[in-house]
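Breakdown of the fold
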Amino acid sequence: MGLVKISDELHEEIRKSSNVMSRSINSQVEFWVKTGMLAELNPTLTFNEILQQRLRDENVSLAGILHQGKS
């Protein structure tokens with residue numbers, strides 16, 4: 001694990017975002033870095049398409065969860 005130096009202002013924005021998203025600060029940064037890397041490698045994809053791809057890569061199936069709410 002390495003150390004990355006960022007500005008205090010950026011750290012504060014990450015902290016606030018991590019609270020909203022119920023993630024640790026490190027997890028929030030990791031999410032943004034991975035998503036940003038995928039965006040650079042796939043400039044024609046939208047943010048939502050990138051998230052859908054990441055969910056598919058992790059074999060996340062929301063179908064069962066979505067159908068539970070309709071019962």
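Described in the following lines is the structure provided in the data block.

Quick notes on the rules
- Residues numbered from 1 in each chain as written.
- Predicted model: local features only at pLDDT ≥ 70, side-chain atom pairs only at ≥ 80, totals over all residues.
- Heavy atoms only, no water.
- Helix = DSSP H or I, 4+ residues; strand = E, 2+ residues; numbered from the N terminus.
- Rg over C-alpha atoms; globule rule 2.2 N^0.38 Å.
- Buried < 20%, exposed > 50% of the residue type's maximum accessible area, 1.4 Å probe, protein only.
- Areas by Shrake-Rupley, 256 points an atom, 1.4 Å probe, with all protein chains shown as cover.
- Lys, Arg positive; Asp, Glu negative; His and termini not counted.
- Charge placed at Lys NZ, Arg CZ, Asp CG, Glu CD.
- Patch = residues over 30% accessible without salt bridge, like charges linked within 9 Å, V, L, I, M, F, W, Y side chains within 5 Å.
- Salt bridge = Lys/Arg side-chain N within 4 Å of Asp/Glu carboxyl O.
- Phe/Tyr/Trp six-rings, centres within 6.5 Å; stacked < 30°, edge-to-face > 60°.
- Lys NZ or Arg CZ within 6 Å of the ring centre and 35° of its normal.
- Axes fitted to C-alpha atoms, helices over the stretch in contact; angles between N-to-C directions.
- Parallel < 35°, antiparallel > 145°, perpendicular 65-115°, else oblique.
- Contact = heavy atoms within 4.5 Å.

The next point concerns the overall build of the protein chain. Within the protein chain, the regular secondary structure consists of 4 helices and 0 strands. On C-alpha atoms alone, the protein chain measures out to a radius of gyration of 15 Å, which is more than a quarter above the 11 Å that the 2.2 N^0.38 rule sets for 71 residues. The dimensions of the protein chain, computed from C-alpha atoms along their principal axes, are 45 × 30 × 25 Å. Within the protein chain, the proportion of its 71 residues that are buried is 8%. Of the accessible surface of the protein chain, which amounts to about 6200 Å², a share of 57% is contributed by carbon and sulfur atoms. Charge separation in the protein chain, taken as the distance between the mean sites of 8 positive and 9 negative side-chain charges, equals 6 Å.

In this fold, Ala-39 is placed in helix α2 (residues 25-41). For Ala-39 and Gln-52, which are 13 residues apart along the polypeptide, the C-alpha to C-alpha distance reads 13 Å.

The next thing to look at is a nonpolar patch on the surface. Where nonpolar side chains cluster on the molecular surface, the patch consists of Leu-55, Val-60, Leu-62, Ile-65 and Leu-66 and spans about 450 Å² of accessible area. Tracing the backbone through its elements, the reader meets Leu-66 in helix α4 (residues 63-68). On the accessibility criterion, Leu-66 (56% relative accessible area) is exposed.

Applying the stated rule across the entire model yields 0 aromatic pairs. A cation sits over an aromatic face here: Arg-23 above Phe-31, 4.0 Å from the ring centre.

Between two packed helices, what matters for the description is the angle formed by their axes and the separation of those axes. Contact geometry of helix α1 (residues 8-20) with α2 gives a least axis separation of 9 Å together with a crossing angle of 100°. What the angle tells us is that α1 and α2 run roughly perpendicular. In contact with His-11, Ile-14, Arg-15, Ser-17 and Ser-18 of α1, α2 contributes Ile-25, Gln-28, Val-29 and Trp-32.

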